[in-house]
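The residues making up each chain are set out below.
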Amino acid sequence: MILNELSVPIVLAPMAGGPSTPELTAAVSAAGGLGLLAAGYLTATDTAARLAATRELTTAPFGVNLFTPGPATAPEDFADYLAELGHTHELGTPKYDTDDWDAKLELLVKAPVPVVTFTFGCPSAAEVARLHEVGSEVWVTVTSAAEGRIAVAAGADVLIAQGAEAGGHRATFIDRVDDDATDPLTVLALLQILRATVDRPIVATGGITTGAGIAAALAAGATAAQLGTVFLRSPEAGTNPVHRAALHHADTPTMLTRAFTGRRARGLRNRFMDEHSATAPVAYPEIHYATAPLRAAARTAGNPANVNMWAGQTYPLAPELPAGELVRTLAADAKTALTTALSGRIQSC
């Protein structure tokens, strides 16, 4: 298992839509962690190009993340929302697609990588088997024990436990407005529940930006921690300038919203979220495509009010360091935190 071969228990979160780059993926893997390359929003052709670029940069193992497609949404379910946005913004055409699912799976069968991770759902047992046949491990991101059981039944090798603190999209298999009234599980709560529910290694993710956070996840039973927000300020990350600048404002809260994409995601709170979160429907990826022009215009204009700036709750703690140096610093800090906790906080019986 790849997790047992890593010199440090750090996995790079994929962060589709810009921050993920071959350079960032390679830097994390070269430093002893596991870099994940985001294939979300990319065609299979573009994914292949990024795979090749990453392989040119490192011989260390790395993985690829795919978005599991969900069902299409009926146009009448989001027509009112688009009409609301259309009064003040230029919109694109809402559309449904599968994010080139079949072609990407075929690519990863023909050009396998050590690990393939999945977000927004679980691949079928047959799809998992195809990846296993070419030597790839399958990791599935889950947000509940029920999702964990589904992933294990399909043959997943590792579960990525995503807590509510995480930046970016919630990885829930089914996004439901009715579930908004229920508090989503934090990473430590989910990690403990999964440990008591399923027999699989678990990678913890959500709000982990320090060595002490990694240590806490390991102490609670995780085999490794997956971090994303902490790398947003690294020079290797493709974080857009508006987003990168906003991360300096430590007093800005984060919040969950469907306003930008039609699927719940955590980001830095801004005017667009405040004005439209209450009316945003569940309609992914249709709303994602519809709001793409207004988000692009805002980035070009340097206007953070209309940009989705995904970030986890602990983003103010993220330093501005090269990715490799950051991995080494986090690993050393985690080791120190574990040693300190054991030596100073637990008395012999």
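Here the structure is shown first, and the text comes after it.
Before going into details, it helps to say that this report is about the structure given with it. (Residues numbered from 1 in each chain as written. Predicted model: local features only at pLDDT ≥ 70, side-chain atom pairs only at ≥ 80, totals over all residues. Heavy atoms only, no water.)

1. Considering the overall build of the protein
Then, in step 1: For the protein, the count of helices and strands is 13 helices and 11 strands.
Then, in step 2: Taking 349 residues into account, the globule formula puts the C-alpha radius of gyration at 20 Å, and the protein, at 19 Å, falls close to it.
Then, in step 3: Judged by the C-alpha coordinates and their principal axes, the protein covers about 65 × 45 × 40 Å.
Then, in step 4: With 349 residues in all, the protein has 53% of them scored as buried.
Then, in step 5: In the protein, the proportion of contacts linking residues at least 24 apart, taken out of those at least 6 apart, comes to 69%.
Then, in step 6: For the protein, the exposed surface amounts to about 14600 Å²; the carbon and sulfur share of it is 54%. (Helix = DSSP H or I, 4+ residues; strand = E, 2+ residues; numbered from the N terminus. Rg over C-alpha atoms; globule rule 2.2 N^0.38 Å. Buried < 20%, exposed > 50% of the residue type's maximum accessible area, 1.4 Å probe, protein only. Contact = heavy atoms within 4.5 Å. Areas by Shrake-Rupley, 256 points an atom, 1.4 Å probe, with all protein chains shown as cover.)

2. What about the packing of helix α5 (residues 101-110) against helix α6 (residues 125-133)?
Then, in step 1: For the pair α5 and α6, the least separation of the axes is 9 Å and the interaxial angle reads 25 degrees. Here α6 runs roughly parallel to α5, going by the angle between their axes. Of the residues in α6, those in contact with Trp-101, Leu-105, Glu-106, Leu-108 and Val-109 of α5 are Glu-127, Arg-130 and Leu-131.
Then, in step 2: Considered class by class, the residues forming the contact of α5 with α6 number five nonpolar, no polar and three charged. (Axes fitted to C-alpha atoms, helices over the stretch in contact; angles between N-to-C directions. Parallel < 35°, antiparallel > 145°, perpendicular 65-115°, else oblique. Nonpolar A, V, L, I, M, F, W, Y, C, P; charged D, E, K, R; others polar.)

3. Considerations on helix α9 (residues 211-219)
Then, in step 1: Turning to α9, its buried residues are Gly-211, Ile-214, Ala-215 and Ala-217. Viewed end-on, α9 has its buried residues packed into an arc of 160 degrees, placing them on one side of the element.
Then, in step 2: Phi turns positive, to about 115 degrees, at Gly-221, one or two residues after α9. (Arc of directions from axis to C-beta.)

4. Focus on the sheet that holds strand β6 (residues 158-162)
Then, in step 1: Reading across from one edge, β1-β9-β8-β6-β5-β4-β3-β2 is the order of the eight strands in this open sheet, with parallel pairing throughout. Lying at the two open borders of the sheet, with one neighbouring strand each, are β1 (10-12) and β2 (35-38). Averaged over all pairs of adjacent strands, the angle between strand axes in this sheet comes to 30 degrees, irrespective of strand direction.
Then, in step 2: Bridge count for strand β8 (residues 202-205) against strand β9 (residues 224-227) is three bridges, and the pairing is parallel. Looking across to β9, one finds that Val-203 is bridged to Ala-224. (Pairing = 2+ DSSP bridges.)

5. Remarks on the nonpolar core
Then, in step 1: Of all hydrophobic cores here, the largest spans 68 residues; its most connected members are Leu-66, Leu-227 and Phe-231.
Then, in step 2: If you tally residues by element for this core, the top one is helix α13 (residues 323-345), at six residues.
Then, in step 3: If near-sequence neighbours (up to four positions away) are discounted, Phe-231 is found in contact with Leu-12, Met-15, Leu-24, Val-28, Ala-237, Ala-323, Leu-326 and Val-327.
Then, in step 4: Core analysis: the second largest hydrophobic core is formed by 16 residues, Phe-78, Leu-82, Leu-85 and Ala-265 among them. (Core = buried A, V, L, I, M, F, W, Y, C linked by side-chain atoms within 4.5 Å.)

6. Topic: the environment of Gly-63
Then, in step 1: Relative to the helices and strands, Gly-63 is located in strand β3 (residues 62-67).
Then, in step 2: Measuring from C-alpha to C-alpha, the distance between Gly-63 and Gly-35 comes to 6.3 Å, with 28 residues separating the pair along the chain.
Then, in step 3: What Gly-63 contacts, discounting residues up to four positions off in sequence, is Leu-34, Gly-35, Leu-36, Leu-37, Val-113 and Val-115.

7. A short note on the side chain of Thr-58
Then, in step 1: By the secondary structure assignment, Thr-58 is in the loop between α3 (44-57) and β3.
Then, in step 2: If sequence neighbours within four positions are ignored, Thr-58 has contacts with Ala-26 and Ala-30.

8. Some remarks on the layout of surface pockets
Then, in step 1: Considering only enclosed or pocket space, the largest pocket measures out at about 870 Å³ in volume.
Then, in step 2: In terms of lining residues, the largest pocket is bounded by 49 residues, among which Met-15, Ala-16, Gly-168, His-169 and Trp-310 are the most central.
Then, in step 3: Elements with a minimum of two residues in the lining of the largest pocket: β2, β3, β4 (115-119), β6, β7 (168-169), β9 and α12 (286-301).
Then, in step 4: The residue inventory of the lining of the largest pocket, partitioned by class, reads 20 nonpolar, 26 polar and three charged.
Then, in step 5: What the second largest pocket holds in volume is close to 400 Å³.
Then, in step 6: Here the lining of the second largest pocket is composed, by residue class, of five nonpolar, four polar and nine charged. (1 Å grid on protein atoms, 1.4 Å probe; cavity = no way out; pocket = protein on both sides within 12 Å on 5 of 7 lines; lining within 4 Å. Points joined across faces, edges and corners; volume = space filled by probe spheres on them.)

9. Topic: the sheet that holds β7
Then, in step 1: Pairing is antiparallel across the open sheet formed by three strands, whose spatial order is β7-β11-β10. Edge strands, defined here as strands with exactly one partner in the open sheet, are β7 and β10 (254-257).
Then, in step 2: Relative to strand β11 (residues 265-268), β10 is paired through four bridges, and the arrangement is antiparallel. Across the sheet, the residue bridging to Thr-254 is Leu-268, located in β11.

10. Quick look at the packing of helix α2 (residues 22-30) against α3
Then, in step 1: Packing of α2 against α3 brings their axes to within 9 Å, and their N-to-C directions diverge by 40 degrees. Taken as axis vectors, α2 and α3 run oblique relative to one another. Here α2 runs over α3; the crossing is right-handed. Counted together, Pro-22, Glu-23, Thr-25 and Ala-26 of α2 and Arg-50, Ala-53, Thr-54 and Leu-57 of α3 form the full contact between these two elements.
Then, in step 2: Each residue belonging to the contact of α2 with α3 can be placed in one class, and the counts come to four nonpolar, two polar and two charged. (Left-handed = near helix turned anticlockwise from the far one by under 90°.)

11. A few points about the packing of aromatic side chains
Then, in step 1: Under the counting rule described, the total for this entry stands at six aromatic pairs.
Then, in step 2: Taken together, a centroid distance of 4.6 Å and an interplanar angle of 40 degrees make the contact between Phe-67 and Phe-120 tilted. Here Phe-67 is found in strand β3, whereas its partner Phe-120 is found in the loop between β4 and α6, with 53 residues between them in sequence. Accessibility classification places Phe-67 together with Phe-120 in one group, the buried group.
Then, in step 3: Their ring planes at 70 degrees and their centres at 5.4 Å tell us that Phe-120 and Tyr-284 sit as a pair that is edge-to-face. Separated by 164 residues along the polypeptide, Phe-120 in the loop between β4 and α6 and Tyr-284 in the loop between α11 (271-276) and α12 bring together distant segments of the chain. (Phe/Tyr/Trp six-rings, centres within 6.5 Å; stacked < 30°, edge-to-face > 60°.)

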